Amino acid sequence: MATTNKNNRNSIYANLLMAGLLSATLYGCGSQATDATASAAANVPELPITTLDTTSAFTTSEYATIVEGKVNVDVRPQVDGYLDKIYIEEGSFVKAGQPLFKINDQPYTEQLNKDIANLHAMQSAVTSAELEVEKIKPLVANKVVADMQLKTAIAALQTAKANVEQSKAAIAASQINVGFTLVKAPVSGYIGRIPKRIGNLVGKTDTAPLTTLSDISEVYAYFSMSENDFMDFSRGNSGATLQQQLQHLLPVHLVLANGDEFNQKGRIEMVDGQFNKNTGAISLRATFPNPAAILRSGNTGKVKMTRLHNGILLVPQAATLEMQDKVFVYQVGDSNIVKRQIIDIAGSNGSNFIVKNGLKRGDKIVTAGIETLAEGSPIAPIQEKQQDTVHTSAKGK
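Analysis parameters
- Residues numbered from 1 in each chain as written.
- Predicted model: local features only at pLDDT ≥ 70, side-chain atom pairs only at ≥ 80, totals over all residues.
- Heavy atoms only, no water.
- Pairing = 2+ DSSP bridges.
- Helix = DSSP H or I, 4+ residues; strand = E, 2+ residues; numbered from the N terminus.
- 1 Å grid on protein atoms, 1.4 Å probe; cavity = no way out; pocket = protein on both sides within 12 Å on 5 of 7 lines; lining within 4 Å.
- Points joined across faces, edges and corners; volume = space filled by probe spheres on them.
- Core = buried A, V, L, I, M, F, W, Y, C linked by side-chain atoms within 4.5 Å.
- Buried < 20%, exposed > 50% of the residue type's maximum accessible area, 1.4 Å probe, protein only.
- Contact = heavy atoms within 4.5 Å.
- Salt bridge = Lys/Arg side-chain N within 4 Å of Asp/Glu carboxyl O.
- Expected span 1.5 Å × (residues − 1).
- pLDDT = per-residue confidence, 0-100.
- Axes fitted to C-alpha atoms, helices over the stretch in contact; angles between N-to-C directions.
- Parallel < 35°, antiparallel > 145°, perpendicular 65-115°, else oblique.
- Left-handed = near helix turned anticlockwise from the far one by under 90°.

Chemist: What am I meant to see in the sheet that holds strand S3 (residues 81–86) here?
Modeler: Adjacent strands of a sheet form backbone hydrogen bonds with each other and so pair up, either parallel or antiparallel. The sheet built from four strands is open, its strands ordered S6-S5-S3-S8 with antiparallel pairing. The open sheet has two edge strands, strand S6 (182–184) and strand S8 (201–202), and neither has a second partner.

Chemist: Before we go on, may I ask you to explain the layout of surface pockets in this structure?
Modeler: Unoccupied space between atoms shows up once a probe the size of one water molecule is rolled over them. By volume, the second largest pocket amounts to about 160 Å³. If you go around the second largest pocket, the residues you meet are Val73, Asp74, Val75, Arg76, Pro77, Gln78, Gly179, Phe180, Leu182, Val183, Lys184 and Pro186. At the level of elements, strand S2 (55–75), helix H3 (147–180) and S6 are the ones that each hand at least two residues to the lining of the second largest pocket.

Chemist: Explain the nonpolar core here, please?
Modeler: Within soluble globular proteins, side chains that are nonpolar tend to cluster in buried spots. Ranked by internal contacts, the top residues of the largest apolar core, which has 24 residues, are Phe223, Met225, Phe233, Ile268, Leu284, Phe288 and Met305. For this core, the secondary-structure elements that each account for two or more residues are S2, strand S9 (211–226), helix H4 (227–234), strand S11 (267–271), strand S12 (281–289) and strand S13 (300–316). Setting aside residues up to four positions removed in sequence, Met225 forms contacts with Tyr63, Phe230, Phe233, Ala281, Ile282, Leu284 and Met305. Grouped together as the second largest cluster of nonpolar side chains are 17 residues, Val73, Leu100, Val202 and Leu213 included.

Chemist: I'm lost on the pattern of salt bridges in this one. Help?
Modeler: Two side chains bearing opposite charge may form a pair once their charged atoms approach each other closely. In total, this model carries 10 salt bridges according to the counting rule given. Note that Asp147 and Lys151 form a salt bridge whose closest N and O atoms lie 3.6 Å from each other. Of this pair, Asp147 and Lys151 both sit in helix H3, four residues apart, roughly one helical turn. In this structure, Glu261 and Lys304 form a salt bridge, with 2.8 Å as the shortest nitrogen-oxygen distance. One end of the pair, Glu261, is in the loop between strand S10 (253–256) and S11; the other, Lys304, is in strand S13, and 43 residues separate them in sequence.

Chemist: What should I look at first to understand the environment of Ala221 in this one?
Modeler: Relative to the assigned elements, Ala221 resides in strand S9. When the C-alpha positions of Ala221 and Thr65 are compared, they lie 5.9 Å apart, and in sequence the two are 156 residues distant. When near neighbours in sequence (up to four residues on either side) are disregarded, Ala221 contacts Thr65, Ile66, Leu284, Arg285, Ala286, Phe288 and Val303.

Chemist: Can you walk me through helix H2 (residues 106–141) in this structure?
Modeler: For H2, spanning 36 residues, the distance from its first C-alpha to its last is 53 Å, which sits close to the expected 52 Å at 1.5 Å a residue. Every buried residue of H2 is listed here: Tyr108, Leu112, Asp115, Leu119, Met122, Val126, Ala129, Val133, Ile136 and Val140. In this fold, the buried residues of H2 make contact with H3.

Chemist: How do you make sense of the confidence of the model for the chain when you look at a structure like this?
Modeler: If pLDDT is low for a region, its predicted coordinates should not be looked at in detail. For the chain, the average pLDDT comes to 85, and 85% of its residues sit at 70 or higher. Averaged pLDDT values for the elements of the chain fall to 49 in helix H1 (residues 2–43) and rise to 97 in strand S5 (residues 99–103). Here residues 19–26 is a poorly scored stretch, pLDDT under 50, and it has zero contacts once near neighbours within four places are set aside; other chains count. Taken together, the stretch residues 33–40 has pLDDT below 50 and engages in zero contacts with residues farther than four places along the chain or on a different chain.

Chemist: How do you make sense of the packing of H2 against H3 when you look at a structure like this?
Modeler: A pair of packed helices can be characterised by two numbers: the angle between their axes and the separation between those axes. It is at 8 Å that the axes of H2 and H3 come closest, and there the two elements cross at 165°. The orientation of H2 with respect to H3, classified from their angle, is roughly antiparallel. The way H2 lies across H3 gives a crossing that is left-handed.

Chemist: I would appreciate a short explanation of the pairing of S3 in the present structure.
Modeler: Across a regular strand the side chains alternate sides, sitting on one face of the sheet and then on the other. Bridge count between S3 and S8: two bridges; the pairing is antiparallel. What sits directly across from Tyr82, in S8, is Leu201.

What follows is the structure, encoded as structure tokens:
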């Protein structure tokens with residue numbers, strides 16, 4: 001009997017020991033599972049995201065330009081001769097019609113006098129032919145001479161009159177040549193260099209002009225735009241015709257070679273009719289008023305164009321990565337899983353890119369901390385405030 005009780009006690013002790021060991025084992029497994037779950041949750045990064053919405057923004061693009069005066073005239077002699085007088089100084093302002101140079105006119109004056117004397121002789125010949133006709137008319141009427149003599153006299157009279165007209169034309173040509181010896185300003189403007197000096201022989205075949213005259217009351221800034229830029233430039237402009245579209249464009253600015261901005265605003269007034277086949281670019285012309293004559297022909301700089309874009313998407317530049325000439329963002333999808341999304345950039349505004357393709361309104365993207373993200377990674381999103389409409393100007397392409 002004593003032996004039986006002893007065996008029962010040993011059995012109870014064994015069962016209690018096994019239960020303790022099992023409980024300890026189960027507790028350890030549960031603790032490890034909890035730690036693993038907590039560790040996984042801790043590895044999901046909390047990152048800011050934003051929901052994209054359409055907005056408005058200004059962009060600015062700059063294009064290299066060369067400035068030209070409204071009118072640039074090469075002043076050239078129309079007759080040959082020695083330069084007698086120079087009435088103006090280099091760089092001076094002249095008005096249209098003002099004398100600039102005087103070419104020796106003696107040969108042309110003598111030719112004019114000769115032509116005038118020849119005219120007088122031809123007029124005398126006309127008078128003589130008229131008398132001859134008047135003398136023959138009654139003789140023909142009385143059948144004293146043949147009718148053929150009258151016809152011959154009338155033909156001689158007509159020839160004499162023609163010679164008079166020819167002499168008058170010669171006088172007019174000589175007067176023009178005499179007038180050409182005084183070279184006048186064709187337009188108002190500023191005188192350029194004067195390479196010739198008094199006593200130099202000048203002529204119509206000279207390669208270099210007497211001087212260059214520039215009207216710079218307004219200046220033209222010519223610049224070129226690529227085909228892609230021109231397509232973007234043309235898209236969305238209001239107006240049924242090109243001229244109407246140009247009238248609705250915002251004024252443009254001119255950045256000078258020293259980096260200063262010209263104090264007058266300009267307008268785009270001309271677009272070339274075709275693209276350059278060699279460069280694939282098209283030329284445009286902006287006109288700037290130049291009341292203080294600060295700009296001169298040959299100035300260089302950049303035309304700065306500002307455009308307003310409506311209904312666009314902006315993404316922060318910090319939210320983008322560039323790889324192999326492609327720009328992409330991390331878009332947040334279902335279950336807060338991110339994926340790479342390639343986007344096309346149409347320009348920039350401040351610290352934001354203007355998205356041309358790749359995203360749409362309502363899409364969510366990660367705005368910071370994307371350097372360590374990988375495709376398909378989960379995140380814990382922190383929603384940022386939605387973007388407001390932007391009205392600040394920023395440098396573009």
